[in-house]
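The lines below spell out each chain.
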Amino acid sequence: MGGYAETLLPGSAPPAVPTTAFLGFLALLWIILTREATPLRKIPGPFLASITRLWIVQKQRSFQRPLVDIDLHKKYGPIVRIAPNEVLISSPQAFRTVYGAGSNFRKGDWYIGTSACGWSGDDNLDFLNEQNVEKYRTQRRAVGPAYSEASMKDLEPQIDEVLEKDISIMRQRADCYSMTSFSKSKDLVEKNEVDGSIHAIHAAWKYMHVIGYFPLLHRALTAVLHIASSGSTSIIHMINTFFPFIERETRGAKTTSDNPFAFPILNVEARFEARKSSSLDPKSQHVPNDIAGKLFQLQADKGVLKDHWVMNMVMTNFGAGVETTAIVVSTLINNIVSHPGCQEKVHAELDKARKEGRIGKIPQLREMKEQLPYLNACLMESMRMHSVVGMPLVRVVPEGGVELEGKWLPAGTTVGINPWVLCRDKFLYGEDADEWRPERWLEYSPDKLKYLGMLPYAMAACFSSLTSTETYSVSFGTGARSCPGKYLAQAVYTKMIPMLFQDFEWSYTNPEAKKVLQCTFSVRYMKLMMQWKLREQTA
Ligand code: HEM
């Protein structure tokens, strides 16, 4: 039997000792370099976070990011180091520096995880992760008019048509983005069908919200797939290939349709064909009154918009608009139902406004804000307490560095504020900022509302002389990179919400069921089951 000890030369140390010592030395060197050899060493935060980004990735994978960030600020204060090169901030002042008008903080590398990494062409249109500021400006200017507030007034009849139909079906036994995009509905409510869009978006975000912390890995995976599929890859395809657990998640979507985005793709292609086969000058053609039509018109008038930009923008209506709007509406219903007395007040306000002829059966745009102040206050409070985006909107400190929350951050540091944190800020919303209290929105002065960036339309007209430019409205992002679909989404849900309460009374299907939040960039309740019944007053 030749034992280990027998093979050692007299006086030599076991090899495990130098290996351990060497590894210990490397670990120490790593800690010194990542944690200490940077101005960020003075910023408080969990020890592990300061030496590896795996700490925040592991938190991210808990799907509880809003609550994680709220707790971090409670424990460490207004500035927290959450990775070797990333800090969270929380104060309104810091918010303005990073996101306010004129800010030159670019979007952080986390957004690379939401992109096709340039493999779909240099002049692709993909707003969420675009890093080229000039290209972004050109593209945003080109599509902007189709998404303006005025443009939504044109689209009002389309929204009315689909809402009227869907609500009447709900009355008998309960999709605006297809109608506003193409003047035709998928008729999902009528067919009592789920087309898989939300499921597919959800599954894609499960991947993207984690891979964003490893942009190089995402680039490598995308490159491999691009080569393997000779240029025809898509992010969803890539996800399914490399991450079978997500494939399982998307399988539900596949049984109803191979591609939940087939609807916008086929419809835009049909419009391209119609344009090609027509001998008319596109400028003089009758263009349908919908977003695709508006984009075609802009393309013909200005000549800047390319065909694939139109395609991507219309797909964005579905990819970025469907689940986000569903979250706004479902969390509002949840908040109203879970706060005793709230639904009764909403119903009373609606009945009064109807009786006095101040709102029609289908509310016009702005009517919710102007005629239903309590319901509107509930919506603002719901969007404050449950911001759709629950992760910090990460940006990068520009050349020259910056001082935030009294700490110096060098150029290249990733900084972000979580909307869930800002929306509970006591300086902005008072000592009861953590509580549901819709009445606060009725008490605030026009000055305060303007300061917060929440002045309703009607009041904005009367108080246009107010000079304050402060705005802390973060539900749709802010500054140059705010949401281009804001007016479209608002047009849909501010019409839909009064209709959902006018005729129906809402309750939980199972009042005992635990409500579980899940954040994958946007934050939703999992398995929140609500039911409705016809209200006696209107039956
Ligand atoms: C209730 C519905 C919606 C909410 C709450 C919402 C919220 C947001 C937020 C918070 C951002 C900023 C993200 C960031 O800074 O990283 C954003 C960006 C964006 N949203 Fe929306 N959104 C909604 C609907 C829509 C719709 C209907 C569209 C369709 C056009 C859309 C398209 C986009 C795009 C393309 C961006 C990226 C803009 C950029 O990076 O410059 N969103 N949205």
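Residues numbered from 1 in each chain as written. Predicted model: local features only at pLDDT ≥ 70, side-chain atom pairs only at ≥ 80, totals over all residues. Heavy atoms only, no water.

Looking at an unreviewed UniProt entry, the chain carries the name Cytochrome P450, with the source organism given as Mollisia scopiformis. Regarding the chain, the relevant UniProt record gives this comment under Cofactor (unreviewed entry): "heme". (UniProt positions renumbered as here; feature names shortened; annotations may be inferred.)

Visitor: Before we go on, may I ask you to explain the site of the ligand in this structure?
Guide: Around the ligand, a shell composed of 30 residues is seen, among which Lys-107, Tyr-111, Tyr-136, Arg-481 and Cys-483 lie nearest. In the model, an oxygen atom of the ligand is placed 3.2 Å from a nitrogen or oxygen of the Phe-127 main chain. Residue Arg-395 places a side-chain N or O atom 3.0 Å away from an oxygen atom belonging to the ligand. Every element with two or more residues in the shell around the ligand is listed here: helix H17 (307–338) and helix H26 (486–502). (Near = heavy atom within 4 Å. Polar contact = N/O pair within 3.5 Å; in protein donor to acceptor, adjacent residues only side chain to side chain. Helix = DSSP H or I, 4+ residues; strand = E, 2+ residues; numbered from the N terminus.)

Visitor: I tried to follow the UniProt feature "binding site: heme" (unreviewed entry) in the chain on my own but got confused; where do I start?
Guide: In this numbering, the UniProt entry assigns the feature "binding site: heme" (unreviewed entry) to Cys-483. Within the secondary structure layout, Cys-483 lies in the loop between helix H25 (457–462) and H26. Overall, the relative accessible area of 29% leaves Cys-483 in the partly exposed class. Dropping the residues within four chain positions of it, Cys-483 is found in contact with Arg-140 and Phe-476. (Buried < 20%, exposed > 50% of the residue type's maximum accessible area, 1.4 Å probe, protein only. Contact = heavy atoms within 4.5 Å.)

Visitor: Help me understand the packing of helix H15 (residues 262–277) against helix H16 (residues 291–302), please; the structure alone is not making it clear to me.
Guide: Angle between the axes and distance between the axes are the two parameters that describe a pair of packed helices. Axis separation between H15 and H16 bottoms out at 11 Å; the angle between their running directions is 45°. In this view, H15 runs oblique relative to H16, as classed from their interaxial angle. Once H15 is placed against H16, the crossing between them reads as right-handed. The residues of H16 that touch H15, namely those facing Val-268, Arg-271, Phe-272 and Arg-275, are Ala-292, Gly-293, Phe-296 and Gln-299. (Axes fitted to C-alpha atoms, helices over the stretch in contact; angles between N-to-C directions. Parallel < 35°, antiparallel > 145°, perpendicular 65-115°, else oblique. Left-handed = near helix turned anticlockwise from the far one by under 90°.)

Visitor: What exactly am I supposed to notice about the nonpolar core here?
Guide: One recurring pattern in soluble globular proteins is that nonpolar side chains are buried together. By size, the foremost hydrophobic cluster in this structure holds 131 residues, and its most contacted members are Leu-295, Leu-409, Trp-441, Tyr-493, Ile-497, Phe-501 and Trp-506. For this core, the leading source of residues is H17, giving 13 residues. Excluding its chain neighbours within four sequence positions, the residues that come into contact with Leu-295 are Val-143, Ala-146, Tyr-147, Leu-305, Val-310, Met-313 and Val-314. (Core = buried A, V, L, I, M, F, W, Y, C linked by side-chain atoms within 4.5 Å.)

Visitor: Would you mind going over unusual backbone geometry with me for this structure?
Guide: When glycine is set aside, most residues are seen to have a negative phi, and most peptide bonds are trans. Look at Phe-63: it is not a glycine, yet its phi comes out positive at around 60°. Looking at the secondary structure, you find Phe-63 in the loop between helix H4 (54–60) and helix H5 (65–76). If you check the backbone angles, Glu-405 has positive phi at about 50° while not being a glycine. You can call Glu-405 partly exposed: its relative accessible area is 24%.

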